[in-house]
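Single-letter residue listing:
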Amino acid sequence: MTASGTGATAAPVAGTPVRVALLGCGTVGTEVVRLLTGQAADLAARVGAPVELVGVAVRRADRHRDVPAGLLTTDALGLVSRDDVDVVVEVVGGIEPTRQWLLAALRAGKSVVTANKALLAEAQGELFAAADASGADLYFEAAVAGAIPLLRPLRESLAGDRITRVMGIVNGTTNFILSAMEETGAGYQEALSEAARLGYAEADPTADVDGYDAAAKAAILASLAFHTRVTMGDVHREGISAVTPADVLAARALDRTIKLLAICERVVGEDGTESVSARVHPAMIPRSHPLAGVGGAFNAVFVEAEAAGQLMFYGQGAGGAPTASAVLGDLVAVARNRVAGGRGPRESAYADLAARPIAQASTRYHISLDVADRAGVLAAVAAVFAQHDVSIAAVRQEGRTQDASLVVVTHRAPDAALRSTVDKIAGLPFVNAVVSVMRVEGEDQ
Ligand SMILES: NC(=O)c1ccc[n+]([C@@H]2O[C@H](COP(=O)([O-])OP(=O)(O)OC[C@H]3O[C@@H](n4cnc5c(N)ncnc54)[C@H](OP(=O)(O)O)[C@@H]3O)[C@@H](O)[C@H]2O)c1
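Residues numbered from 1 in each chain as written. Predicted model: local features only at pLDDT ≥ 70, side-chain atom pairs only at ≥ 80, totals over all residues. Heavy atoms only, no water.

## A short note on the environment of Ala333
Consideration 1: Mapped onto the elements, Ala333 comes out in helix α12 (residues 320-340).
Consideration 2: Those residues in contact with Ala333 that lie beyond four places of it in its chain are Tyr139 and Arg152. (Helix = DSSP H or I, 4+ residues; strand = E, 2+ residues; numbered from the N terminus. Contact = heavy atoms within 4.5 Å.)

## Comments concerning the site of the ligand
Consideration 1: Near the ligand, the surroundings consist of 21 residues, among which Cys25, Thr27, Val28, Arg60 and Gly319 are the closest.
Consideration 2: At 2.9 Å from an oxygen atom of the ligand is found a side-chain nitrogen or oxygen belonging to Arg59.
Consideration 3: In isolation the ligand has 890 Å² of accessible area, and contact with the protein removes 77% of it.
Consideration 4: Taken together, the residues that form the shell around the ligand break down as 10 nonpolar, 8 polar and 3 charged. (Near = heavy atom within 4 Å. Polar contact = N/O pair within 3.5 Å; in protein donor to acceptor, adjacent residues only side chain to side chain. Areas by Shrake-Rupley, 256 points an atom, 1.4 Å probe, with all protein chains shown as cover. Nonpolar A, V, L, I, M, F, W, Y, C, P; charged D, E, K, R; others polar.)

## Details of the sheet that holds strand β6 (residues 138-139)
Consideration 1: Spatially, 6 strands are ordered β3-β2-β1-β4-β5-β6 in an open sheet, and the strand pairing comes out parallel. Edge strands, defined here as strands with exactly one partner in the open sheet, are β3 (72-73) and β6.
Consideration 2: When strand β1 (residues 18-23) meets strand β2 (residues 51-57), the two strands line up parallel, connected through 6 bridges. Residue Leu22 lies in a different strand from β2, and its bridge partner there is Val56.
Consideration 3: Where α12 meets the sheet, it contacts β1, β2, β4 (87-90), β5 (111-114) and β6, and its direction lies at approximately 170° from that of β5. (Pairing = 2+ DSSP bridges. Axes fitted to C-alpha atoms, helices over the stretch in contact; angles between N-to-C directions.)

## Notes on the side chain of Arg165
Consideration 1: Relative to the helices and strands, Arg165 is located in strand β7 (residues 163-169).
Consideration 2: There is a polar contact of 3.1 Å between the side chain of Arg165 and the side chain of Glu441.
Consideration 3: Not counting residues within four places of it along the chain, the set of residues in contact with Arg165 comprises Phe226, Ile263, Cys264, Glu265, Phe302, Val303, Glu304, Arg412 and Glu441.

## As for the packing of aromatic side chains
Each pair of aromatic rings is reported with the distance of its centres and the angle of its planes.
Consideration 1: Across all of its chains, the model carries 3 aromatic pairs by this definition.
Consideration 2: Ring centres of Phe128 and Phe140 lie 6.0 Å apart, and the angle between their planes is 75°; on these two criteria the pair is classed as edge-to-face. Placement of Phe128 in helix α5 (residues 117-134) and of Phe140 in the loop between β6 and α6 (151-157) is noted, with a sequence separation of 12 residues between them. No difference in accessibility class separates Phe128 from Phe140, as the two residues are buried.
Consideration 3: Between the NZ or CZ atom of Arg155 and the centre of the ring of Tyr139, over which it lies, the distance is 5.2 Å.
Consideration 4: Of note, Arg237 hangs over the ring of Tyr212, and the distance from its end group to the ring centre comes to 3.8 Å. (Phe/Tyr/Trp six-rings, centres within 6.5 Å; stacked < 30°, edge-to-face > 60°. Buried < 20%, exposed > 50% of the residue type's maximum accessible area, 1.4 Å probe, protein only. Lys NZ or Arg CZ within 6 Å of the ring centre and 35° of its normal.)

Below you can see the structure in the form of structure tokens.
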């Protein structure tokens, strides 16, 4: 500690610098440059060698007056291929041409730090193979849940345990919209417009509201948690655009709230065979569940492991500075590995578990029906559940004048059985409308 106890700048560190190429200088990249240059002395002390920014690739060089002109280029592949680059930090996004740039870097033995969830969820195997062939590092903490240290704990801290489940809120935009619907009673479109006005939703919100972003993150989380290569195509995906104010009210009546969840589970079949279930969909969770209190643009992920028990990770899941924090953490890690002459963890996909289709996933449903208020309705509805082998956990019926509201919550059953049950019920003559159908999570039954 210094005599005054105030923060002191680290003494200059000698040694061969670790030379960094930055691809992209937008929301995240700008903050990476700021942190990298603003705390250069501290980073050098932590790494054991200076960390030097040698080039920044962008699309429109004239828009980046804050970056020294000598560093800017529009030729990302050219920058990656330079001999004076040791580490490539990629914060551009998208699958092509980014994939080609990162493969070129890894094949040349340059370590890569990326925030690109879309690319990892599509091509992690190819990228890791290139990293393994040359002995380079591939780190991607910022790709899931922004600032929250989550992938390193899965990859390293929990590497001696057996993870059984990862469940979380990994998309801030949809969480903001669902929170707004809950708090103000707004419909989906209204809440989406508000999110866009406040900068929480992009001009084209498809990737967020249709669940693609969360599904890419689920693929990455499931891969790390279950030592299996899980890609986007293995993840069942439903977005939030079909969530209605009636769903929100139905949840509230049962002291539940609706969240878009990414759920990755290790499933052990009756014959002992294991598989991985990865899905993204809106679900009701009890208000008492730790994820229920995660509001606005925050992210939180619940991890369950056999020895560790339950762990929860919470924090800012997006934004320039929070995401740059995760990028810089990775940069320090790969730079340290370089200085020490070692490597970080490789891909661990040895378990190679099969992907379990959603039809076989075991879920619970909450079904709210508008039915004719007459004798025998409840018994007839219950009979349909029994025919499909779906066990009912709770029923609530409220009569009005000529019709009634009937709410059924089921026990866990295969998703396919629940869907067929709902389809059959929707066709019954005394069912006026299926008001709300929503999966229920966070209750072990
Ligand atoms: N924003 C977040 O909160 C957040 C959170 C977690 C992860 N991420 C991930 O981080 C990555 C970057 O996100 P962002 O929000 O920072 O994106 P952004 O603001 O749109 O910035 C993208 C940057 O890439 C540059 N670029 C685009 N095409 C290029 C090309 N062909 N050659 C060279 N440069 C090119 C752009 O250049 P110009 O500036 O010249 O157009 C821009 O500087 C994405 O993978 C995203 O998923 C973002």
